[in-house]
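Chain by chain, the residues:
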Amino acid sequence: MNSAIDIEEGDIVHWWGGGNPHTKNPVVISNYGPFYLDMGVGNYFGVSYGNYVTWLDLYNQHISRNIQNYDNKDNVLGAEVCLWSEINNQYTHHMKIWIRSSSFAERVWNKESFNPKPDFFGRITAHERLMNRRGIPTAPATCQQCEYHPEFCWLIINLTFFFSQKSKMRIIKKSKI
């Protein structure tokens, strides 16, 4: 924490950064990496900046893992994702924010939603439709196939994860030889 900032008792600290926010105050976590919605779309110089963070990436965030080494983890109120205005305007922000932040919010602010389940596809697409009916343009969360047959898409997601982990294991084994 910046000691030059005068934080009073009861102030809520918005922590945008890695590491441990050393404070006794309540904290809302907003790590600049995985919680930053502009990741993977480049910066204002056109230079690549990180990997694109999908709604599933955000849904798979485990805030308890992110804060396990914090001195004040009991003071963490929750977390939020951010979209800064440096490369956004009135034409881009709705498409970047809503579905991804909605999936993140379900995971972070709902303790019952700790384990991903196939029925999430139905909830996220229902949320997408609700926002569209209210005049809020959103990017599609998934295809109709996943909405109507979530168990099929959940199987594909799990297989993709399994094979990506297996691929990482092979790379590790080869590098040790």
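The structure contained in this document is the topic of the report that follows. Everything numeric here is computed off the predicted structure, so don't read it as measured data.

1. So, the overall build of the protein
Helix and strand counts for the protein stand at 6 helices and 3 strands. Sequence-ordered secondary structure for the protein, helices as α and strands as β, is β-β-α-α-β-α-α-α-α. Put simply, 59% of the contacts in the protein that link residues at least 6 apart link residues at least 24 apart. Carbon and sulfur atoms provide 57% of the accessible area of the protein, an area that totals close to 11,500 Å².

2. Looking at the pattern of salt bridges
In total, this model carries 2 salt bridges according to the counting rule given. The residue Lys96 makes a salt bridge to Asp38 at a minimum N-O spacing of 3.2 Å. One end of the pair, Lys96, is in helix H3 (residues 93-109); the other, Asp38, is in the loop between strand S2 (27-29) and helix H1 (55-59), and 58 residues separate them in sequence. Classification of Lys96 by relative accessible area gives buried; the value is 15%. Asp38 gets classed as buried once you look at its relative accessible area, which sits at 1%. For the salt bridge of Glu106 with Arg123, the shortest nitrogen-to-oxygen distance reads 2.4 Å. Here the residue Glu106 occupies a position in helix H3, and Arg123 occupies one in helix H4 (residues 120-133), the gap between them amounting to 17 residues.

3. Considerations on the nonpolar core
Counting residues in hydrophobic clusters, the biggest one holds 19 residues, and the most contacted among them are Ile29, Phe35, Ala79 and Phe104. Elements with a minimum of two residues in this core: strand S1 (13-15), S2, strand S3 (76-79) and H3. Top contributing element to this core by residue count: H3, with 3 residues. Look past the residues within four positions of Ile29 in its chain and what remains in contact with it is Trp15, Phe35, Ile63, Ile67, Tyr70, Val76, Gly78, Ala79 and Glu80.

4. Looking at the sheet that holds S2
The strand order S1-S2-S3 describes an open sheet built from 3 strands, whose pairing is parallel. Edge positions in the open sheet fall to S1 and S3, since each of these has one partner strand only. Going from strand to strand, the sheet's axes swing by 25° on average, the running direction of each strand aside. In this structure, S2 lies alongside S3, joined through 3 bridges in parallel fashion. Counted as the bridge partner of Val28 is Gly78 from S3.

5. Description of the environment of Trp98
Its location among the elements puts Trp98 in helix H3. Using a relative accessible area of 29% as the deciding quantity, one classes Trp98 as partly exposed. Separated by 43 residues in the primary sequence, Trp98 and Ala141 place their C-alpha atoms 9.6 Å from one another. Polar side-chain contacts of Trp98 include one of 2.8 Å to the side chain of His94.

6. Concerning the environment of Glu147
Looking at the element boundaries, Glu147 is found in helix H5 (residues 144-148). We classify Glu147 as buried; its relative accessible area is 18%. Note: C-alpha distance between Glu147 and Gly122 (25 residues apart in sequence) is 5.3 Å. In this structure Glu147 touches Thr125 and Arg129, once residues within four positions along its chain are discounted.

7. Section: H4
Between the first and last C-alpha of H4 there are 20 Å, a value that for 14 residues agrees with the 20 Å anticipated at 1.5 Å per step. Listed as buried for H4 are Phe120, Phe121, Ile124, Thr125, Glu128 and Met131. Axial view of H4: buried residues confined to an arc of 125°, hence all on one face. Gly135 sits one or two positions beyond H4 and adopts a positive phi of about 90°.

Rules of the game
- Counting restarts for each chain, with residues numbered from 1 along the sequence as it is written.
- pLDDT decides what is reported in this predicted model: residues at 70 or higher carry local features, side-chain atom pairs at 80 or more are listed and counted, and totals for whole chains, interfaces and linings draw on all residues regardless.
- Only hydrogens and water are removed before side-chain values are computed, so all heavy atoms of the structure are retained for them.
- By the criteria applied, helices consist of DSSP H or I runs no shorter than four residues and strands consist of E runs no shorter than two, each listed in order from the N terminus.
- Throughout, a contact is declared for two residues whenever any of their heavy atoms are within 4.5 Å.
- To be clear on the numbers: accessible area is Shrake-Rupley with a 1.4 Å probe, and residue cover counts the displayed protein chains and nothing else.
- Any carboxyl oxygen of Asp or Glu within 4 Å of a side-chain nitrogen of Lys or Arg constitutes a salt bridge here.
- Working definition: with a 1.4 Å probe on protein chains only, accessible area under 20% of the residue-type maximum means buried, over 50% means exposed, and in between means partly exposed.
- Residues belong to one nonpolar core when they are buried, are Ala, Val, Leu, Ile, Met, Phe, Trp, Tyr or Cys, and are joined through side-chain atoms within 4.5 Å.
- Two strands form a pair only when DSSP identifies at least two bridges running between them.
- Angles here are taken between N-to-C directions and fall from 0 to 180 degrees, while the axes themselves are lines fitted to C-alpha atoms, restricted in helices to the stretch in contact.
- Think of a polar contact as two N or O atoms within 3.5 Å of one another; within protein, one of them needs to be a possible hydrogen donor and the other a possible acceptor, and neighboring residues in sequence only count if both atoms come from side chains.
- Expected helix span is given by 1.5 Å per residue-to-residue step, counting one fewer step than there are residues.
- An arc is given here, and it is the one of the directions from the helix axis to the C-beta atoms.

Structural measurements only, silent on function.
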